[in-house]
Amino acid sequence: MKHIFLIGIMGAGKSYFAKQLQKELNLNLIDLDIYIETIANKTIPEIFESGESHFRMLETEALKQAINNQSVIISTGGGAPCFNNNIETMLKNGIVIWLNPPVSTIAARLLHETAHRPLLKNAKKADDIEIILSDLLKKREVYYKQAHLHITSDEPNMKEIVSYIRRKGNE
């Protein structure tokens, strides 16, 4: 079985979906943001205080360390595929799945999480979040679209996805 990488904009459901896949596939799970926080002994917002480029460097190193494990599910941060050739690393080392639910769904999920999301710190209402997410998505889509599998539903069919992963994971 290959590594499974979950990518998508913040709030797309990567962490939640990774836990569901973990139950289905009985693989270890690495949430890249939690992994980075553990390595740095700081929260993501604290790391961002040193600058986004510093965070992106830590993120790339954490990704490289994560793929040294046997087959794992790796839930990435929203920007992970977009920097330092990380999308190429993911594509070479496993199956990349893009979670892409509607922006309005994501904005509703994130409305009460803006304090923990450095890129949303100035958002005050769902409309603000939607604007920020839409802008980010426009910039990041070129990376996300390279994924092997695109999921646009906010309630993906787990059975079909697991079947796809098992088929591709053994090629």
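Residues numbered from 1 in each chain as written. Predicted model: local features only at pLDDT ≥ 70, side-chain atom pairs only at ≥ 80, totals over all residues. Heavy atoms only, no water.

**Student:** Help me understand the overall build of the protein chain, please; the structure alone is not making it clear to me.
**Tutor:** Secondary structure summary: the protein chain contains 8 helices and 5 strands in total. Beginning at the N terminus, the succession of helices and strands in the protein chain can be written as β-α-β-α-α-α-β-α-β-α-α-β-α. Relative to the compact-globule value of 16 Å for 171 residues, the protein chain shows a C-alpha radius of gyration of 15 Å, a close match. Along the first, second and third principal axes, the C-alpha atoms of the protein chain reach 45 × 30 × 25 Å. Sorting the 171 residues of the protein chain into buried and exposed places 46% on the buried side. Contacts in the protein chain between residues at least 24 apart in sequence constitute 73% of all its contacts with a sequence separation of at least 6. Accessible surface, the protein chain: about 9,100 Å² in total, of which carbon and sulfur atoms supply 47%. (Helix = DSSP H or I, 4+ residues; strand = E, 2+ residues; numbered from the N terminus. Rg over C-alpha atoms; globule rule 2.2 N^0.38 Å. Buried < 20%, exposed > 50% of the residue type's maximum accessible area, 1.4 Å probe, protein only. Contact = heavy atoms within 4.5 Å. Areas by Shrake-Rupley, 256 points an atom, 1.4 Å probe, with all protein chains shown as cover.)

**Student:** Would you take a moment to explain the packing of aromatic side chains for this structure?
**Tutor:** What characterises a pair of aromatic rings is the spacing of the ring centres plus the angle enclosed by the ring planes. Inspection of the entire model under this criterion finds 2 aromatic pairs. Geometrically, the ring pair formed by Phe48 and Phe55 is tilted, given 4.9 Å between the ring centres and 35° between the ring planes. Residue Phe48 shares its accessibility class with Phe55, and that shared class is buried. With centroids separated by 5.6 Å and ring planes inclined at 40°, the aromatic side chains of Trp98 and Tyr144 adopt a geometry described as tilted. Separated by 46 residues along the polypeptide, Trp98 in strand S4 (residues 94-99) and Tyr144 in helix H7 (residues 126-144) bring together distant segments of the chain. With respect to class, Trp98 is no different from Tyr144; both count as buried. (Phe/Tyr/Trp six-rings, centres within 6.5 Å; stacked < 30°, edge-to-face > 60°.)

**Student:** Is there a simple way to think about the sheet that holds S4 in this case?
**Tutor:** Strand-to-strand pairing in sheets goes through backbone hydrogen bonds, with the strands running parallel or antiparallel. With parallel pairing, the 5 strands of this open sheet are ordered in space as S2-S3-S1-S4-S5. Each edge of the sheet is formed by a strand with only one pairing partner; in this case those strands are strand S2 (28-31) and strand S5 (149-151). Put simply, the sheet's adjacent strands are angled 20° from each other on average, direction ignored. Two strands pair when backbone bridges link them, and strand S1 (residues 3-7) and S4 are joined in this way by 5 bridges, in the parallel orientation. (Pairing = 2+ DSSP bridges. Axes fitted to C-alpha atoms, helices over the stretch in contact; angles between N-to-C directions.)

**Student:** Got a minute to help me understand the layout of surface pockets in this structure?
**Tutor:** If a probe as big as a water molecule is rolled over the atoms, it shows which places are left empty. Estimates place the volume of the largest pocket at around 680 Å³. Lining the largest pocket we find 31 residues, and of these Met10, Asp33, Gly77, His116 and Arg117 sit closest to its centre. For the lining of the largest pocket, the elements supplying multiple residues, two or more each, are helix H1 (14-25), helix H2 (32-40), helix H3 (44-48), helix H4 (52-66) and helix H6 (103-110). In the lining of the largest pocket, the residues fall into 11 nonpolar, 10 polar and 10 charged. In this structure, the second largest pocket occupies an estimated 180 Å³ of space. Forming the boundary of the second largest pocket are 13 residues, of which Tyr16, Phe17, Asp154, Glu155 and Pro156 lie nearest the centre. In the lining of the second largest pocket, the residues fall into 7 nonpolar, 3 polar and 3 charged. (1 Å grid on protein atoms, 1.4 Å probe; cavity = no way out; pocket = protein on both sides within 12 Å on 5 of 7 lines; lining within 4 Å. Points joined across faces, edges and corners; volume = space filled by probe spheres on them. Nonpolar A, V, L, I, M, F, W, Y, C, P; charged D, E, K, R; others polar.)

**Student:** When you look at H4 in this model, what are you seeing that I'm missing?
**Tutor:** In an α-helix there are 3.6 residues to a turn, and that puts residues three or four apart on one side. Here H4 contains 15 residues, and its C-alpha end-to-end distance of 21 Å stays within 8% of the 21 Å for a straight helix at 1.5 Å per residue. When we look at burial in H4, the residues that qualify are Phe55, Arg56, Leu58, Glu59, Thr60, Ala62, Leu63 and Ala66. (Expected span 1.5 Å × (residues − 1).)

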